[in-house]
Amino acid sequence: MFAIVMAGGVGTRLWPLSRRRSPKQLLALTGDTSLLQQTVARVSGLLKQHDIFVITSQAHVRATQEQLPQLPADNVLGEPLARSTGVAAGLATVLARRESDEVALVLPADHYLADEEAFAAAMRQAITAAERGYLVTLGVVPKHAATGYGYIKVGERLHDAVPTALVDRFVEKPGADEAEAFLREGGYLWNAGIFVWRVYAFRQALERYQPELASALDKVAALNRTPGWMSDVRDLLEPIPAVQIDAGIAERAAGEGRVAVVPLDAGWSDIGSWSALLEALSSKSGDSLVASGEHLDRGSKRVLVHGGERLVVTVGLEDVIIVDTPDALLVCARDRAEEIKPVLDEIARKEGDRYL
């Protein structure tokens, strides 16, 4: 058994702290260690260190190795170009040279979990189902009618004694009314993007649903690993379109009864925005105002302040995000935190890469 931790994201919605040179998975946003370090520690309870692999962009290989000195250096895999989660998982499996009957845990590097024991228990259930040949995903028990996550419709249980069930279907991010309907109806889980499968089951799914990618990975596996060989890998993968595990593989496999889901109730968040970070940290601390750095407040509620050495004073604010860095200051309404990405496009047009 082995793990693939996918650490190739940029985290633009956590700008100005998350930048191209320091993406969110390398940042300590929810504690004293980075999200990546927390993820690796999370799976270390299930695996030995040499069985944990991290796939990241080639630009971040050294920084990732520095954050994870307990892993063999070769276990940090450099992805020559970004082609989404399906390609990353496939490439990492080939580069890791693992056996076809082994179980792989595939998970993002930038998630937060409040209850590590509940996560480990859910993963053990997922491993059991994966050993039977299913592609298995973890579905988060929803706490509210979220519109920022995809959903999983739960089907028939695999066994009465365990909550693991077949996936009836995957649902794209819903509108507010549809999300409310899901919550009222029950039987829906948030899609966490965490997967468990045997290598051969994933391989068969690639051959069936993404044959072009499967063929390219066969060619990668046949390459001689001589100096500079990653340029050949890049050439082989460049014509391949981005393939998400969810849309490109799991959704199709679910229609044929090949995907199972394990409910996860562990205080999960994907930390996809400053608003999500505020929610996660507020739940952790019990306070509606969360601040770091030098900060003084009078009467503010539901506010996140991420500062540094400069004193930040807040008075009577509600539902506001403030992020202070040496070269950029972000102040935005909490319910508009998702709009940071288009703002960055405008910054890029006016200032180039200076603030990215």
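What you see is a predicted model; the values in this text were computed from it and never measured.

*Asks:* Explain the overall build of the protein chain here, please?
*Replies:* Each helix and strand in the protein chain was counted, giving 11 helices and 17 strands. For 356 residues, the compact-globule estimate of 2.2 N^0.38 gives 21 Å, and the C-alpha radius of gyration of the protein chain, at 21 Å, lies within 12% of that figure. Looking at the protein chain as a whole, 52% of its 356 residues are labelled buried. Counting contacts in the protein chain only where the partners sit at least 6 residues apart, residues at least 24 apart contribute 66% of the total. When the accessible area of the protein chain is evaluated, it comes to approximately 16600 Å², of which 47% is carbon and sulfur surface. Across the protein chain, the centroid of the 38 positively charged side chains sits 2 Å from that of the 48 negatively charged ones.

*Asks:* How should the pattern of salt bridges be read in this particular structure?
*Replies:* Opposite charge on two side chains lets them pair, provided their charged atoms get close. Tallying each qualifying case throughout the model produces 19 salt bridges. Here R13 ties to E338 by a salt bridge, and the two come within 2.6 Å at their closest N and O atoms. Highlighted residues: R13 in the loop between strand 1 (2-7) and helix 1 (35-44) and E338 in the loop between strand 17 (329-333) and helix 11 (340-351), separated in sequence by 325 residues. Classification of E338 as partly exposed rests on a relative accessible area of 45%.

*Asks:* What is the right way to read helix 6 (residues 199-209) from this model?
*Replies:* Given 3.6 residues per helical turn, the α-helix brings residues three or four places apart onto the same face. For helix 6, every residue scored as buried is listed here: V199, A201, F202, A205, L206 and Y209. Buried residues along helix 6 cover an arc of 165 degrees about the axis, so they all sit on one side. Residues of helix 6 that are buried sit in contact with strand 1, helix 3 (84-96), strand 6 (135-140), strand 9 (188-198), helix 7 (211-222) and helix 9 (245-254).

*Asks:* Teacher, can you tell me more about the nonpolar core here?
*Replies:* Nonpolar side chains tend toward joint burial in soluble globular proteins. Grouped together as the largest cluster of nonpolar side chains are 48 residues, with contacts concentrated most on I55, L91, V106, L135, W197 and L237. When residues of this core are assigned to their parent elements, the largest contribution, eight residues, is made by helix 3. Excluding anything up to four places from it in sequence, L135 contacts V196, W197, A201, F202, A205, I249, A253, R258, V259 and A260. Formed by 46 residues, the second largest nonpolar core is a distinct cluster that contains V40, I127, V140 and A179.

*Asks:* I keep staring at the sheet that holds strand 14 (residues 301-306) and nothing clicks. Help me out?
*Replies:* Across a sheet, strands are paired by hydrogen bonds formed along the backbone, either parallel or antiparallel in direction. Read from one edge of the open sheet, four strands run 12-14-16-17, paired in mixed fashion. Each end of this open sheet is capped by a strand with a single partner; those strands are strand 12 (289-292) and strand 17. Pairs of neighbouring strands in the sheet enclose a mean axial angle of 10 degrees, with direction left out of account. Bridge analysis of strand 12 against strand 14 gives four bridges, and the strand direction is parallel. Note that in strand 14 the partner of L289 across the bridge is V303. This element, helix 10 (residues 274-285), spans strand 12, strand 14, strand 16 (318-324) and strand 17 of the sheet and lies at about 110 degrees to strand 14.

*Asks:* Quick question: what am I supposed to make of helix 7 here?
*Replies:* End to end, helix 7 covers 17 Å across 12 residues, agreeing with the expected 16 Å (1.5 Å per residue, within 8%). Restricting attention to buried positions, one finds in helix 7 the residues L213, A214, A216, L217 and V220. End-on, the buried residues of helix 7 take up no more than an arc of 165 degrees, which puts them together on one face. Of the exposed residues in helix 7, the ones pointing more than 90 degrees away from its buried face are P211 and A222. On the buried face of helix 7, the contacting elements are helix 3, helix 6 and helix 8 (230-237).

*Asks:* Looking at this model, I keep getting lost on a nonpolar patch on the surface. Mind explaining?
*Replies:* On the surface, L296, L311, V313 and V315 cluster together into a nonpolar patch covering about 390 Å² of accessible area. Position of L311 relative to the elements: it lies in the loop between strand 14 and strand 15 (312-315).

*Asks:* Would you explain the packing of helix 6 against helix 9 in this entry?
*Replies:* Between two packed helices, what matters for the description is the angle formed by their axes and the separation of those axes. Between helix 6 and helix 9, whose axes approach to 10 Å, the crossing angle comes to 95 degrees. Accordingly, the angle class assigned to the pair helix 6 and helix 9 is roughly perpendicular. Between helix 6 and helix 9, the residues in contact are F202, A205, L206 and Y209 and G248, I249, R252 and A253, respectively. Taken together, the residues of the contact of helix 6 with helix 9 break down into six nonpolar, one polar and one charged.

*Asks:* It is not clear to me how the side chain of S18 should be interpreted in this structure. Could you clarify?
*Replies:* Within the secondary structure, S18 is located in the loop between strand 1 and helix 1. S18 sits in the buried class, given a relative accessible area of 3%. Polar contacts involving the side chain of S18 include one to the main-chain amide nitrogen of K24, which spans 3.0 Å. For S18, the contacting residues outside a window of four places in its chain are V10, G11, P23, K24 and L27.

*Asks:* What's the story with the pairing of strand 3 (residues 76-79) in this structure? I'm lost.
*Replies:* Successive residues of a regular strand alternate their side chains across the two faces of the sheet. Side chains V76 and G78 of strand 3 all project onto a buried face; the interleaved residues L77 and E79 project onto the opposite face, where all are buried too. In this sheet, strand 3 lies alongside strand 2 (residues 52-57) in parallel orientation, the contact comprising four bridges. Counted as the bridge partner of V54 is V76 from strand 3. With helix 2 (residues 61-67) bridging strand 2 and its parallel neighbour strand 3, the resulting β-α-β unit is right-handed.

About the criteria used
- Residues numbered from 1 in each chain as written.
- Predicted model: local features only at pLDDT ≥ 70, side-chain atom pairs only at ≥ 80, totals over all residues.
- Heavy atoms only, no water.
- Helix = DSSP H or I, 4+ residues; strand = E, 2+ residues; numbered from the N terminus.
- Rg over C-alpha atoms; globule rule 2.2 N^0.38 Å.
- Buried < 20%, exposed > 50% of the residue type's maximum accessible area, 1.4 Å probe, protein only.
- Contact = heavy atoms within 4.5 Å.
- Areas by Shrake-Rupley, 256 points an atom, 1.4 Å probe, with all protein chains shown as cover.
- Lys, Arg positive; Asp, Glu negative; His and termini not counted.
- Charge placed at Lys NZ, Arg CZ, Asp CG, Glu CD.
- Salt bridge = Lys/Arg side-chain N within 4 Å of Asp/Glu carboxyl O.
- Arc of directions from axis to C-beta.
- Core = buried A, V, L, I, M, F, W, Y, C linked by side-chain atoms within 4.5 Å.
- Pairing = 2+ DSSP bridges.
- Axes fitted to C-alpha atoms, helices over the stretch in contact; angles between N-to-C directions.
- Expected span 1.5 Å × (residues − 1).
- Patch = residues over 30% accessible without salt bridge, like charges linked within 9 Å, V, L, I, M, F, W, Y side chains within 5 Å.
- Parallel < 35°, antiparallel > 145°, perpendicular 65-115°, else oblique.
- Nonpolar A, V, L, I, M, F, W, Y, C, P; charged D, E, K, R; others polar.
- Polar contact = N/O pair within 3.5 Å; in protein donor to acceptor, adjacent residues only side chain to side chain.
- Right-handed = clockwise from strand over helix to strand, strands pointing away.

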